[in-house]
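# Descriptive analysis of the structure
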Amino acid sequence: MADLIPFTRRSFLSTSAKLGAVAAAAPYISRAAEVGAKGADTLNVAIIGCGEEGRILANAAMPIPGIRFAAVCDIWPYNLTRTERLLKKFNHPAQPFEDYKDLLANTKDLDAVLIATPDFMHAEQTVAALKAGKHVYCEKLMSNTVEGARSMVLAAREAKKLMQVGHQRRSNPRYQHAREKIVREGKLLGRITNISGQWHRAVSDDYGYPNGQAIPEAKLQKYGYANMHEFRNWRWFRKYAGGPVSDLGAHQIDIYNWMLGSNPRSCIASGGVDYYKNHEWYDNAYIIFEYPTKDGLVRAQYQVLTTTSAGGGYHEYFMGDEGALKMSENPRFTKLYREARAPEWEPFVAKGYILKPETGEGAAAPVKPWEKPGVKKLAGPAPRGATVDVRETAQLSAWDIPVTLDKAIHQPHLENFFDAIRKGTPLNCPPDEAFASAVTVLKVNEAIAAKKELTFTPQDFIA
Amino acid sequence: MNAPRFQHEAMATFWELTLPGADPAYARQAAQAAFREVDRLEGELSRFIEHSVISRANRLPPGGTLTLPPDVLACLLLAAEVSVATERAFDPAFRSLRPPELPPELPPYFLDPETHRLTSRAERLDLDLGAVGKGYALDCVADLLREWGFTTAHLNAGSSSVLAFGDESAAGAGWAAGLVDGDGTRVAVPLQDASLSGSGTDEQGEHLMDPRTGQPAAVRPRAWALAPSAAQADALSTAFFVLEEPQIREVCAAYPGIGAAWLAADGSLRGAGTLAAAVATGQRTRA
Ligand SMILES: NC(=O)c1ccc[n+]([C@@H]2O[C@H](COP(=O)([O-])OP(=O)(O)OC[C@H]3O[C@@H](n4cnc5c(N)ncnc54)[C@H](O)[C@@H]3O)[C@@H](O)[C@H]2O)c1
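What you are looking at is a predicted structure, and each value in this text was computed from that prediction instead of being measured. (Residues numbered from 1 in each chain as written. Chains lettered and ligands numbered in written order. Predicted model: local features only at pLDDT ≥ 70, side-chain atom pairs only at ≥ 80, totals over all residues. Heavy atoms only, no water.)

### Looking at the domain arrangement of chain A
Residues and elements named next belong to chain A.
- Looking at chain A, the domain boundaries give domain 1 (26-169) and domain 2 (173-363 + 393-408 + 427-461).
- The gap between the C-alpha centroids of domain 1 and domain 2 is 25 Å.
- Contact residues are listed per partner, giving 31 residues for domain 1 and 42 residues for domain 2.
- It is Ile 75, Trp 76 and Arg 169 that lose the most area in domain 1 upon contact with domain 2, and together they represent 28% of the buried surface on that side.
- Taken together, the connections running from domain 1 to domain 2 amount to four salt bridges.
- Across the pair Arg 169 and Glu 329 runs a salt bridge, and its minimum N-O distance is 3.6 Å.
- The interface formed by domain 1 and domain 2 holds 12 residue pairs in polar contact (both at pLDDT 80 or more) in total.
- Elements represented by at least two residues in the side of domain 1 that touches domain 2 include exactly helix H2 (52-61), helix H3 (77-89), helix H6 (146-159) and strand E6 (163-165). (Domains from an automatic or database assignment. Contact = heavy atoms within 4.5 Å. Buried area = accessible area lost by both parts, 1.4 Å probe. Salt bridge = Lys/Arg side-chain N within 4 Å of Asp/Glu carboxyl O. Polar contact = N/O pair within 3.5 Å; in protein donor to acceptor, adjacent residues only side chain to side chain. Helix = DSSP H or I, 4+ residues; strand = E, 2+ residues; numbered from the N terminus.)

Below, the structure is given as structure tokens:
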């Protein structure tokens, strides 16, 4: 064992190895082949809002060839520094800014911005960036108000710049396959009559922050925040966002509209602040929409619950008279079922639209993840609760979708945005469609407050 | 002592944090941030999540390459170090399908730390960080808790990996941890700024493959590793489970700071390196 690597707390290689310098690890270390486009094709990009989602977007965008992060912005130094460091690790020359206005004014040759701030900032920042001549990728929900969302559509139109809203399921190849091949071309579901959808998650504590990392009060107020608690837990407060209906529901209700190619004509909903003591927004809601489609009416139910992990996570379940399709960003929850009265599905297997039961991603996994073989025993606190089996066994009646997402979940949507800039590829979530989804989502909170059915005209969904 | 304790389930096991010395509400928020970090890492490291980085690596075509986020790169570099140090008694990719022409001394993938890329040399790569990922996540949680100002904490992942920093009491002896030997005797191992991890067979006697031979290992019933980081302890305990005694002693002699303990065929508890003293003279109680 020549050339020992000292065991320190962190990997020795990650901090001090130059290629080939550590002979003992040499078999694992080598120079990767050059990849990607360089040069004229490069797009200069900035991130505004470096919280959890901002970092996810950074990680999803960095592997895309020709993307260069030129700037980052966040009002909270704690998050700003973290993201700046992340980008610099990958040799992006990201210049940090506190105020997005300074970023827009001072970043040379900036092509596009990715906006991942709390929802109430989306309209202001998007409009300013568009006016400054930048293309914008803005996170969902487009805005916390209909007027805000409308101002974004108009600004994009006026500036003749692109705007993509972050409903990333629309770019997920599995969702695209489901819509194009299974639902539209193959018509495997027959006539879609109903949808049910849900996002269930367990109780979560409010977010905090490390001691010493609080933003001074005057600065918080300058940027529109009442205090650190609201700054960290903005999702739950009316001033900044639309609560779980918009935070979680936005993704899925957008997919209802997208899959049906339609907007609802009515909404009836019930919800309340029934559990959490210091939140403003409804912590649970049940919603029923009616969608007029060319094949007939679709009645669609959606529920968002924030106090239970029971009931199967999150999915959108499209039910027709010949088949049912359960879609989820999590492939574990994705399934396709055939009604006995439907024509045989074998021809669709031959066409590559679907897979025979138990052969796809849903097939049972042979080994338990994260487990070394056998039980491992240390004396310590006693185990709490049972371990969970990560993979459920596939149902026999279920069919599979033969498409695998081979990228980080946000990467295809970002690629679509960058392709739209570079090559004019149509956007998967353009401003007018995002506007219709924003209206659909925002009307739910209105319906809950009104305690009565709200009806819509097609005009309501047009900016 | 009733320091606040917090539980979570992730990576198919339970997690428990003990966070003394802080206001309980503050400790709760820190624990929540810590558990979100564990969930995030699971999303990158689990080979059972379709779009995780490891799953994507496992779908690479021969010669295919993938950009790794910093944590995946760091975890794989650590795994490479342990693999080299144990002469592949720990090997996160031994189930890979190797092309016949690939020299046996080359692993089925390589890393480029400068461009953060992984490149497959396999016909089908089969990376499995199950024996290092939990430990790596414990290390990240420890960093996060230090950032939140904690000077002492006890972190437990499934009772198979434990990491502790600072002191449990004013006595300055670290945190009480221990090994349980074949007949149920608990041998005390004080833990301070270090991690202890164990591997063992259960009653059903599941088979553990020896990565070096691809054959079921002639295993001892149980082995432990003590190391500066939980990722190392996690991976090393897997290696010590299949290594012969002389090789375990060799690894401990070559790498100061590492400890090993194992149950010998005669049921006795043996120790080497930084665990030698504890095994020889540590306080014994009925577990
Ligand atoms: N597409 C998805 O899957 C997905 C997932 C999560 C969040 N999101 C969306 O991303 C956005 C951010 O959510 P998050 O979870 O990252 O929240 P977060 O609280 O973790 O991050 C928000 C960040 O914005 C910063 N910020 C606040 N006001 C700012 C301002 N005026 N200028 C610059 N920075 C400012 C905050 O300091 C913080 O770092 C939201 O719109 C949310 O709906 C989308």
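### So, the side chain of A:Arg55
Residues and elements named next belong to chain A.
- Positionally, Arg 55 belongs in helix H2.
- Buried within the structure, Arg 55 lacks any salt-bridge partner; its nearest side chain of opposite charge belongs to Glu 52, at an N-O separation of 5.7 Å.
- Look past the residues within four positions of Arg 55 in its chain and what remains in contact with it is Cys 50, Asn 79, Arg 82, Thr 83 and Leu 86. (Buried < 20%, exposed > 50% of the residue type's maximum accessible area, 1.4 Å probe, protein only. Lys, Arg positive; Asp, Glu negative; His and termini not counted.)

### Brief notes about the site of the ligand
Residue and element names in this part refer to chain A.
- Neighbouring the ligand are 28 residues, the closest being Asp 74, Asp 119, Lys 140, Tyr 225 and Arg 235.
- At a separation of 3.4 Å, an oxygen atom of the ligand approaches a polar backbone atom of Gly 51.
- A distance of 3.5 Å separates a nitrogen atom of the ligand from a polar backbone atom of Gly 166.
- Protein contacts shield 93% of the accessible area of the ligand, which totals 850 Å² for the unbound molecule.
- At the level of secondary structure, the elements contributing two or more residues to the shell around the ligand comprise H2 and helix H5 (122-131).
- Tallied by class, residues from the shell around the ligand come to 10 nonpolar, 10 polar and eight charged.
- Counting contributing residues per domain, the shell around the ligand is built from domain 1 (26-169) and domain 2 (173-363 + 393-408 + 427-461), each supplying no fewer than three. (Near = heavy atom within 4 Å. Areas by Shrake-Rupley, 256 points an atom, 1.4 Å probe, with all protein chains shown as cover. Nonpolar A, V, L, I, M, F, W, Y, C, P; charged D, E, K, R; others polar.)

### Points about unusual backbone geometry
Residue and element names in this part refer to chain A.
- Residues Lys 140 and Leu 141 are joined by a peptide bond in cis, for which omega reads -25°.
- Along the chain, Leu 141 falls in the loop between strand E5 (135-138) and H6.
- Positive phi is not limited to glycine here, since Asp 109 has a value of about 55°.
- For Asp 109, the position within the fold is in the loop between helix H4 (100-106) and strand E4 (112-115).
- In this structure Asp 109 comes out as exposed when scored by relative accessible area, which is 58%.
- The phi dihedral of Lys 160 is positive, around 55°, even though this residue is not glycine.
- In this structure Lys 160 comes out as exposed when scored by relative accessible area, which is 71%.

### As for the sheet that holds strand E6 (residues 153-157) of chain B
Residue and element names in this part refer to chain B.
- Sheet architecture is open: eight strands sit in the order E1-E2-E6-E7-E10-E13-E14-E15, paired in antiparallel fashion. Among the strands making up the open sheet, the edge pair consists of strand E1 (5-10) and strand E15 (269-273). Strand after strand, the sheet turns through a mean of 15° between neighbouring axes, direction not considered.
- Note that strand E14 (residues 259-263) and E15 share five bridges and pair antiparallel. The residue bridging Leu 263 from the neighbouring strand is Leu 269, located in E15.
- Where helix H5 (residues 230-242) meets the sheet, it contacts strand E7 (161-165), strand E10 (194-200), strand E13 (222-227) and E14, and its direction lies at approximately 150° from that of E13. (Pairing = 2+ DSSP bridges. Axes fitted to C-alpha atoms, helices over the stretch in contact; angles between N-to-C directions.)

### Quick word on the pattern of salt bridges
- Counted by the stated rule, this structure contains 39 salt bridges over all chains.
- As a salt-bridge pair, A:Lys423 and A:Asp419 come within 3.9 Å of each other at their nearest N and O atoms. Of the two residues, A:Lys423 and A:Asp419 are both situated in helix H13 (residues 411-423); the distance of four residues between them amounts to about one turn of the helix.
- Note on A:Lys423: relative accessible area 61%, which makes it exposed.
- Shared partners join several salt bridges into a network, and the residues in it are B:Arg47, B:Arg95, B:Arg124, B:Asp126 and B:Asp128.

### Considerations on the sheet that holds strand E4 (residues 109-112) of chain B
Residues and elements named next belong to chain B.
- Taking strand neighbours across the sheet as the criterion, the three strands line up as E3-E5-E4 in an open arrangement whose pairing is antiparallel. Both edges of this open sheet fall to strand E3 (65-67) and E4, since each of them pairs with a single strand only. Taking the axes of each pair of neighbouring strands and ignoring which way they run, one obtains an average angle of 20° across the sheet.
- Where E4 lies against strand E5 (residues 117-120), four bridges are found, and the strand directions are antiparallel. Counted as the bridge partner of Asp 112 is Arg 117 from E5.

### Considerations on the packing of helix H11 (residues 249-260) of chain A against helix H14 (residues 431-450) of chain A
Residues and elements named next belong to chain A.
- Two numbers describe how H11 lies on H14: the axes approach to 9 Å, and their chain directions differ by 120°. Comparing their axes, H14 and H11 come out oblique. Between H11 and H14 the crossing geometry is right-handed. Contact residues: H11 offers Ala 250, Ile 253, Asp 254 and Asn 257, while H14 offers Ala 436, Ser 437, Thr 440 and Val 441. (Parallel < 35°, antiparallel > 145°, perpendicular 65-115°, else oblique. Left-handed = near helix turned anticlockwise from the far one by under 90°.)

### A few points about the confidence of the model for chain A
- The predicted model of chain A has a mean per-residue pLDDT of 88, with 84% of residues at 70 or higher.
- Low confidence marks residues 364-377 of chain A, where pLDDT is under 50. Its contacts with residues over four positions away, or in another chain, come to 52 contacts. (pLDDT = per-residue confidence, 0-100.)

### Concerning the confidence of the model for chain B
Residues and elements named next belong to chain B.
- Across chain B, pLDDT averages 90, with 95% of residues at or above 70.
- Here strand E12 (residues 215-216) stands out as the least confident element of chain B, with mean pLDDT 75; helix H4 (residues 133-147) is the most confident, with 97.
- Both scores are given for the predicted complex: the pTM is 0.91, the ipTM 0.90.

### A short note on the packing of aromatic side chains
Residues and elements named next belong to chain A.
- Counting across every chain of the model gives 23 aromatic pairs over all chains.
- Relative to Phe 417, the ring of Tyr 137 lies with its centre 5.8 Å away and its plane at 65°, an arrangement referred to as edge-to-face. Placement of Tyr 137 in strand E5 and of Phe 417 in helix H13 is noted, with a sequence separation of 280 residues between them.
- On the basis of relative accessible area, Phe 417 is assigned to the buried category, the value being 0%.
- Pairing Tyr 256 with Phe 318 gives two aromatic rings, centres 6.3 Å apart and planes at 75°, and the pair type is edge-to-face. Of the two residues, Tyr 256 sits in helix H11 while Phe 318 sits in strand E11 (residues 314-320), which places them 62 residues apart along the sequence. (Phe/Tyr/Trp six-rings, centres within 6.5 Å; stacked < 30°, edge-to-face > 60°.)

### Remarks on the nonpolar core
- A:Met142, B:Leu118, B:Leu145, B:Leu155 and B:Phe240 are the most contacted members of the largest nonpolar core, which totals 185 residues.
- Tallying contributions element by element places helix H3 (residues 70-85) of chain B first for this core, with 12 residues.
- Of the domains in this structure, domain 1 (26-169) and domain 2 (173-363 + 393-408 + 427-461) of chain A are the two that each give at least three residues to this core.
- Setting aside residues up to four positions removed in sequence, B:Leu145 forms contacts with B:Leu19, B:Ala30, B:Phe150, B:Ala153, B:Leu155 and B:Phe165.
- Membership of the second largest hydrophobic core comes to 29 residues, among which are A:Ile47, A:Ala60, A:Ala112 and A:Leu114. (Core = buried A, V, L, I, M, F, W, Y, C linked by side-chain atoms within 4.5 Å.)

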